[in-house]
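# Results of the structural survey
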Amino acid sequence: MIRVILPHHLRTLAKVGDEVHVDLNGSATVKDVLDALENKYPMLRGTIREHNTLKRRPLVRFFACGEDISHESPDAPLPDPITKGEEPFFIMGAIAGG
Amino acid sequence: MSEIRVLVGTRKGAFVLTSDAKRKDWKVDGPHFAGWEIYHMKGSSVDPDRIYASQTSAWFGQIIQRSSDGGKTWETPGSSPDDLKGPDGMPKGESNMFVYDGIPGTHMWYDGTQHPWEFKRVWHLEPALDNADHVYAGVEDAALFESKDGGTSWNELSGLRQHDTGPKWQPGAGGMCLHSILIDPKNPKRIFIAISAAGAFRTDDAGKSWKPINHGLHSQYIPDPHAEVGHCVHRIAMHPSKPNTLFMQKHWDVMRSDDGGDSWREVSGNLPSDFGFPIDVHAHEPETIYVVPIKSDSEHYPPDGKLRVYRSRSGGNEWEELTKGLPQQDCYVNVLRDAMSVDSLDPCGIYFGTTGGQVYASADNGDSWNPIVRDLPAVLSVEVQTLK
């Protein structure tokens, strides 16, 4: 199980609380997490990454274990504390514009 | 007893305002979609409880919301738990998937170079007149989409964007938006749209082919003031009983056409400024129209700090100022292009919202005004439903 923290706007869109869980066992990548998240909450499709290209939207950032991993490959393995559910995977809106 | 429902889109959420036919005591419900920009909401004339909303964010993109109970509850079409049980299995979550048909191509950028078409948001949603599941969407960068499944999926009517003049279209200060969609009630295959800054266009074959209808427009701020396209049209309006007569608030100039847009003539007359954004038509008097003059394109507030609606009962040229109940000093708000609407009671109610968060209503054809609410976020759009 992987814990995911969504930004406020996407929590209200998906009608969920602070933290959601996706069922992935063993190693996982950012792409795996987002695929599982979008399958569980289809209304999130197109809001974190573009529909067709699956590119991260420019003002969305990903954090794992205190590190900004937004520019890393979506196919790179996530750190163990994330895949073991010890720490959450953060999806954030960039602080821009107010 | 009739009821009035006012759908208000703002910079930070949606609000639903309701009243009985007296239009004195209002209930304010909201914010819905708190924190999101709501560019537009509009109900179906076939099923008034079916309402569509354009929810958008620079961070998280476009969302389409749909209500089937008059705005009490909302869903993103194609993403509800019920869809999981459908014969297609998993929901597609494509209600916010606006993809241009084919290779998008380019339009003119601010500096005169060519720039790729890029979808940004839905500015206006226009439900069809005969089917609550059929709805059109006017988007930025300018294109027209339609959904025939209640907003679950969208297809572009690409004949418009692929018009020969497309590479000459360019964005106005607010972006290259398709903001007005008027369906001819006597011939639903005839649709008028307007784009800032390309101009007005008409289809007579339900969106397959389009014709620029800008003859008579004069825009001195573009290289050829009489060009076929490139005019910054802010809004067009029509009375359903006279679909060949169109009214236009252009960047500068208030215009009218009596031949379905084939030709236009200026009717700015005695307006204190002919710059502005919204224009609308009285529900029962096809020659009675309303505008809100704004000082200039660089000073987006009312002339002299006085918020005045102007009414013409002669279809233009002769205008009277309507001020009773509106602030007449130190008022520096704007009224955006989709932020005026009318109800169909008698006397006709007129409504508009401001960038200062006020929604004003008149229950007497515009003679006097009262604020329904004073302190909403900046108002982007106002639509009114008259419920029987």
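Starting afresh in each chain, residues are numbered from 1 along the sequence in its written order. Just so you know, chain letters begin at A and ligand numbers begin at 1, following the order they were written in. Selection of residues for local features in this predicted model requires a pLDDT of at least 70, selection of side-chain atom pairs for listing and counting requires 80 or more, and totals for whole chains, interfaces and linings are taken over all residues.

This brings us to the overall build of chain B. Helix numbering and strand numbering both begin at the N terminus, where a helix is a DSSP run of H or I of at least 4 residues and a strand a DSSP run of E of at least 2. Looking only at helices and strands, chain B features one helix and 29 strands. The globule rule is 2.2 Å times the number of residues to the power 0.38, and the radius of gyration it is compared with is taken over C-alpha atoms. Compactness check: chain B gives a C-alpha radius of gyration of 20 Å against a globular reference of 21 Å for 388 residues, within 12% of the reference. Dimensions of chain B along its principal axes, counting C-alpha atoms only, are 60 × 50 × 40 Å. Any residue pair is listed as a contact if its two C-beta atoms, each placed from the backbone, are within 7 Å. Within chain B, contacts between residues separated by at least 24 positions form 50% of all contacts whose residues are at least 6 apart in sequence.

In terms of regular secondary structure, chain A is built from three helices and five strands. Taking 13 Å as the expected radius of gyration for a compact globule of 98 residues, we find that chain A reaches 12 Å, a close match to that expectation. The principal-axis extents of the C-alpha atoms in chain A amount to approximately 35 × 25 × 25 Å. Here chain A holds 98 residues, and the buried ones make up 28% of them. Partitioning the contacts of chain A with sequence separation of at least 6, the portion at a separation of at least 24 is 54%. For the exposure call, what matters is how many other C-beta atoms sit within 10 Å of a residue's own: 20 or more marks it buried, 12 or fewer exposed, and in between partly exposed, using C-beta atoms placed from the backbone.

With that settled, the discussion passes to the nonpolar core. One recurring pattern in soluble globular proteins is that nonpolar side chains are buried together. Val6, Val8, Ile195, Ile236, Met248, Tyr351 and Val359 of chain B are the most contacted members of the largest nonpolar core, which totals 127 residues. With near-sequence residues (within four places) excluded, isoleucine 236 of chain B lies in contact with Ser180, Leu182, Phe192, Ala194, Ala200, Leu246, Phe247 and Met248 of chain B. Structurally, a nonpolar core is described as a collection of buried Ala, Val, Leu, Ile, Met, Phe, Trp, Tyr and Cys residues joined by way of C-beta atoms within 7 Å.

Every regular strand shows the same layout, with side chains that alternate between the two sheet faces. All names here are of chain B. In strand 19 (residues 254-257), alternate side chains face the same way, and those of Val254 and Arg256 on one face and Met255 and Ser257 on the other are all buried. The pairing criterion for strands is at least two bridges between them, as found by DSSP. The sheet contact formed by strand 18 (residues 246-250) and strand 19 spans four bridges and is antiparallel. Opposite methionine 248, over in strand 19, you have methionine 255 as the bridge partner. Linkage of strand 18 to strand 19, two consecutive antiparallel strands, is achieved through a turn of three residues, within which aspartate 253 is found at a positive phi near 90°.

On to the pairing of strand 27 (residues 359-362) of chain B. Residue and element names in this part refer to chain B. The alternating pattern of strand 27 places Val359 and Ala361 on one face and Tyr360 and Ser362 on the opposite face, and all of these are buried. As paired elements, strand 26 (residues 350-353) and strand 27 share four bridges and run antiparallel to each other. Its bridge partner being in strand 27, glycine 353 is matched across the sheet by valine 359. The turn linking strand 26 back onto strand 27 is made up of five residues, and glycine 357 within it adopts a positive phi angle of 90°.

As a further point, take helix 2 (residues 30-40) of chain A. Since the α-helix advances by 3.6 residues per turn, residues separated by three or four positions end up pointing in the same direction. Residue and element names in this part refer to chain A. Here helix 2 has its buried residues at Val30, Val33, Leu34 and Leu37. Projected onto a plane normal to the axis of helix 2, the buried residues spread over an arc of 95° and lie on a single side. Looking at the packing, one finds that the buried side of helix 2 touches strand 1 (2-5), strand 2 (19-22), strand 3 (60-64) and strand 5 (89-93). As used here, the arc belongs to the directions running from the helix axis to the C-beta atoms.

What follows concerns the environment of threonine 245 of chain B. All names here are of chain B. Position of threonine 245 among the secondary structure elements: in the loop between strand 17 (233-238) and strand 18. Placed 70 residues apart in sequence, threonine 245 and glycine 315 show a C-alpha to C-alpha distance of 9.6 Å. In contact with threonine 245, other than residues within four places in its own chain, are Met238, His239, Arg256, Ser257, Asp258 and Pro286.

It is worth spelling out the interface of chain A and chain B at this point. Contacts between chain A and chain B engage 20 residues on the former and 19 residues on the latter. Among the secondary structure elements, those contributing two or more residues to the side of chain A that touches chain B are helix 1 (8-14) and helix 2 of chain A. The element contributing the most residues to the side of chain A that touches chain B is helix 1 of chain A, with five residues. Under the grouping applied here, Gly and all other residues not named as nonpolar or charged are polar, the nonpolar ones being Ala, Val, Leu, Ile, Met, Phe, Trp, Tyr, Cys and Pro and the charged ones Asp, Glu, Lys and Arg. Among the residues making up the side of chain A that touches chain B, the classes are represented as seven nonpolar, ten polar and three charged.

Here we come to unusual backbone geometry. Residues and elements named next belong to chain B. For the bond running from serine 196 to alanine 197, omega is 10°, close enough to zero to count as cis. Its location among the elements puts alanine 197 in the loop between strand 14 (191-196) and strand 15 (199-203). Aspartate 346 connects to proline 347 through a cis peptide bond whose omega is 5°. Of note, proline 347 is situated in the loop between strand 25 (340-342) and strand 26. In the Ramachandran plot, arginine 23 falls in the positive-phi region, its phi being about 60° despite a non-glycine side chain. Of note, arginine 23 is situated in the loop between strand 2 (13-20) and strand 3 (27-32). Looking at arginine 23, the number of C-beta atoms within 10 Å reads 21, which means it is buried. Positive phi is not limited to glycine here, since asparagine 317 has a value of about 75°. Structurally, asparagine 317 is set in the loop between strand 23 (309-312) and strand 24 (320-322). By C-beta crowding, asparagine 317 is classed as partly exposed, having 15 other C-beta atoms within 10 Å.

Further remarks concern the environment of proline 272 of chain B. All names here are of chain B. Within the fold, proline 272 resides in the loop between strand 20 (265-266) and strand 21 (275-281). Since 15 C-beta atoms lie within 10 Å of it, proline 272 is described here as partly exposed. Here the alpha-carbon distance between proline 272 and aspartate 304, two residues 32 residues apart in the chain, equals 9.9 Å.

Residues and elements named next belong to chain B. Ordered by their spatial adjacency, four strands build an open sheet running 21-22-23-24, and the pairing between neighbours is antiparallel. The sheet terminates laterally at strand 21 and strand 24, the two strands that pair on one side only. Ignoring strand direction, the axes of neighbouring strands in this sheet form an average angle of 30°. Between the N-to-C directions of two axes lies an angle of 0 to 180 degrees, each axis being a line fitted to C-alpha atoms and, for a helix, fitted only over the stretch in contact.

Attention now moves to the sheet that holds strand 5 of chain A. Residues and elements named next belong to chain A. Strands sit in the order 2-1-5-3-4 across an open sheet of five strands; the sheet is mixed. Where the open sheet ends on each side, the last strands, each with one partner, are strand 2 and strand 4 (67-68). Relative to the sheet, helix 2 contacts strand 1, strand 2, strand 3 and strand 5, its axis offset from that of strand 2 by approximately 105°.

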